[in-house]
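# Structural description and commentary
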Amino acid sequence: MNFLTPAFILDVGLLAMLVVVAFAVVRLRSLFAIVMLQGVYSLISAAWFVSLDAVDVAFTEAAVGAGISTVLMLGAMLLTEREVKPVPMRRQWAPLFIVVITGMAMFYAIGDMPVFGDPNSIANATLGVEYVEATKSQIIIPNVVSAVLASYRGYDTFGETVVVFVAGLGIVLLLGLNGNAGKWRAKPNGQDVSQIGAEDAS
Amino acid sequence: MTQMLYYINIGTAFLLLIGMALLLARLLSGPTLYDRILAVNSFGTKTVLFLAVFALIIGRDDGVDIAILYALMNFIATIAVLKFFRYSALGISLDDDFIEDEDTVPKASEKKETPI
């Protein structure tokens with residue numbers, strides 16, 4: 001009965017809610033509800049990350065997924081319509097096929113994964129041990145993850161930071177979140193999107 | 001005593017999970033837009049409470065830090081959503097002189113009900 005610990009049952013509950021939210025995101029037509037559901041999705045998955053002992057990942061998920069992406073998605077919604085256009089059925093078979101194949105490949109790969117916390121797995125047996133042992137004498141900080149990210153793989157992290165900065169710059173340019181943003185409205189096809197609702201009401 | 005506290009924590013976590021499921025149902029069905037905003041906001045609060053209790057159950061104190069971060073992020077998201085519906089723009093400063101600018105603020109008479 002090792003599986004029926006309370007934490008396990010709570011995990012199952014969280015994952016069940018993730019499945020419900022994922023299906024709802026696919027099925028719903030209202031873009032606003034979808035943005036809200038994406039925020040809920042990352043809230044739930046961050047709670048699940050905490051139960052998996054990945055507290056740093058949960059921190060990132062909470063900050064990026066629930067906070068910033070909701071704001072960015074709302075900013076993107078200002079530039080588009082408020083409803084998803086339905087996709088005809090004949091164009092849905094190819095994506096379904098790709099998703100099923102990818103899922104089957106992932107299930108196939110599960111067999112090759114090491115057991116959780118296995119001391120003989122590659123990650124725990126070779127380079128990881130070196131990092132853990134050398135961090136205290138070489139970097140002189142207690143956190144191994146920070147040492148790997150900021151020192152051992154410093155150039156890698158620097159490149160990632162540049163990529164993230166460029167991506168953020170592109171998003172800001174696209175969405176117009178700069179100083180003029182309050183006075184600027186999107187006008188696709190010469191039509192003021194932000195005024196459509198007002199015309200309908202009057 | 002410790003054992004009893006443990007069971008109380010687990011019971012609280014399950015009740016919070018049920019509450020989250022109910023809020024999720026409201027979020028999915030929610031007839032109006034404001035039901036959805038309220039549902040998301042309370043869902044965030046429920047997640048904060050759940051994380052704090054869950055951190056006690058698995059014996060990791062870091063969970064409380066994440067719970068605090070959640071509370072902050074929830075606030076940012078709610079402000080963004082409300083600004084989205086009040087001004088149809090996110091880059092508006094909330095200073096008083098800016099709000100009095102007639103171009104940016106829709107008058108009460110022409111306030112729109114966004115079809116969502």
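Remember, it's a predicted structure, so these values are computed and weren't measured experimentally.

## So, the overall build of chain B
For chain B, the helix and strand inventory stands at four helices and zero strands. Put simply, chain B runs from its N terminus to its C terminus through helices and strands in the order α-α-α-α. Burial statistics for chain B: of 116 residues in total, 42% are counted as buried. Nonlocal contacts in chain B, meaning residues at least 24 apart in sequence, comprise 42% of its contacts between residues at least 6 apart. When the accessible surface of chain B is totalled, it reaches about 6400 Å², and 63% of it is carbon and sulfur.

## A closer look at the overall build of chain A
Within chain A one finds nine helices and zero strands. Reading chain A from its N end, one meets helices and strands in the order α-α-α-α-α-α-α-α-α. Within chain A, the proportion of its 202 residues that are buried is 27%. Considering only intrachain contacts with a sequence separation of at least 6, the fraction spanning at least 24 residues in chain A is 49%. Summed over all atoms, the accessible surface of chain A reaches about 13600 Å², with 70% contributed by carbon and sulfur.

## Examining helix α2 (residues 33-58) of chain B
Between the first and last C-alpha of α2(B) there are 37 Å, a value that for 26 residues agrees with the 38 Å anticipated at 1.5 Å per step. Trailing α2(B) by a residue or two, G59(B) shows a phi angle of about 70°, which is positive.

## Section: the environment of T47(B)
Take T47(B): it is sitting in helix α2. Between the alpha carbons of T47(B) and F85(B) there is a distance of 25 Å; along the sequence they are 38 residues apart. Those residues in contact with T47(B) that lie beyond four places of it in its chain are L43(A), A47(A), M20(B) and Y70(B).

## Observations concerning the nonpolar core
Counting 52 residues, the largest nonpolar core has F32(A), F43(B) and F50(B) as the members making the most contacts within it. Elements with a minimum of two residues in this core: α1 (6-27), α2 (31-51) and α3 (55-77) of chain A together with α1 (2-29), α2 and α3 (62-87) of chain B.

## Structural notes on unusual backbone geometry
All names here are of chain A. The phi torsion at D53 lies on the positive side, around 70°, for a residue other than glycine. Residue I140 is not a glycine yet carries a positive backbone phi of 60°. Within the secondary structure, I140 sits in the loop between α6 (127-138) and α7 (144-152).

## Examining α1(B)
The first and last C-alpha atoms of α1(B) sit 41 Å apart over 28 residues, in line with the 40 Å expected at 1.5 Å per residue. The complete set of buried residues in α1(B) reads N9(B), I10(B), A13(B), L16(B), L17(B), G19(B), M20(B), L23(B), L24(B) and L27(B). Where the residues of α1(B) are buried, they touch α1 and α2 of chain A together with α2 of chain B.

## Some details on the packing of aromatic side chains
For any two aromatic rings, the description comes down to two numbers: the centre-to-centre distance and the angle of the planes. All names here are of chain B. Scanning all chains against the criterion turns up four aromatic pairs over all chains. Ring geometry for F50 and F54: centres 5.4 Å apart, planes at 25°, overall stacked. Here F50 pairs with F54, and both are found in helix α2, just four residues apart, close to one helical turn. On the accessibility criterion, F50 (0% relative accessible area) is buried.

## Observations concerning the side chain of S45(A)
Relative to the elements of secondary structure, S45(A) occurs in helix α2. In contact with S45(A), other than residues within four places in its own chain, are L18(A) and E61(A).

## Things to note about the confidence of the model for chain B
All names here are of chain B. When pLDDT is averaged along chain B, the result is 76; 75% of the residues meet or exceed 70. No element of chain B has a lower mean pLDDT than helix α4 (residues 96-99), at 49, and none a higher one than α1, at 89. A low-confidence stretch, residues 97-102 (pLDDT under 50), is modelled with ten contacts involving residues beyond four sequence positions or located in other chains. Of the regions scoring below 50 in pLDDT, residues 107-111 engages in two contacts with residues more than four places distant in sequence or in other chains. As a predicted assembly, this complex carries a pTM of 0.73 together with an ipTM value of 0.74.

## Observations regarding a nonpolar patch on the surface
Judged by side-chain polarity, F158(A), V162(A), F165(A), V166(A), L169(A) and L173(A) come together as a nonpolar surface patch covering roughly 650 Å² of accessible area. The residue V162(A) is located in helix α8 (residues 154-175) in this model.

## Observations regarding the packing of α2(A) against α1(B)
With their axes 10 Å apart at the nearest point, α2(A) and α1(B) run at an angle of 160° to one another. Between α2(A) and α1(B), the angle is such that the two are roughly antiparallel. Classified by chirality, the crossing of α1(B) by α2(A) is left-handed. Residues M36(A), L37(A) and V40(A) of α2(A) lie in contact with α1(B), whose contacting residues are L24(B), L27(B) and L28(B). Its residues placed into classes, the contact of α2(A) with α1(B) shows six nonpolar, no polar and no charged.

Definitions and cut-offs
- Residues numbered from 1 in each chain as written.
- Chains lettered and ligands numbered in written order.
- Predicted model: local features only at pLDDT ≥ 70, side-chain atom pairs only at ≥ 80, totals over all residues.
- Heavy atoms only, no water.
- Helix = DSSP H or I, 4+ residues; strand = E, 2+ residues; numbered from the N terminus.
- Buried < 20%, exposed > 50% of the residue type's maximum accessible area, 1.4 Å probe, protein only.
- Contact = heavy atoms within 4.5 Å.
- Areas by Shrake-Rupley, 256 points an atom, 1.4 Å probe, with all protein chains shown as cover.
- Expected span 1.5 Å × (residues − 1).
- Core = buried A, V, L, I, M, F, W, Y, C linked by side-chain atoms within 4.5 Å.
- Phe/Tyr/Trp six-rings, centres within 6.5 Å; stacked < 30°, edge-to-face > 60°.
- pLDDT = per-residue confidence, 0-100.
- Patch = residues over 30% accessible without salt bridge, like charges linked within 9 Å, V, L, I, M, F, W, Y side chains within 5 Å.
- Salt bridge = Lys/Arg side-chain N within 4 Å of Asp/Glu carboxyl O.
- Axes fitted to C-alpha atoms, helices over the stretch in contact; angles between N-to-C directions.
- Parallel < 35°, antiparallel > 145°, perpendicular 65-115°, else oblique.
- Left-handed = near helix turned anticlockwise from the far one by under 90°.
- Nonpolar A, V, L, I, M, F, W, Y, C, P; charged D, E, K, R; others polar.

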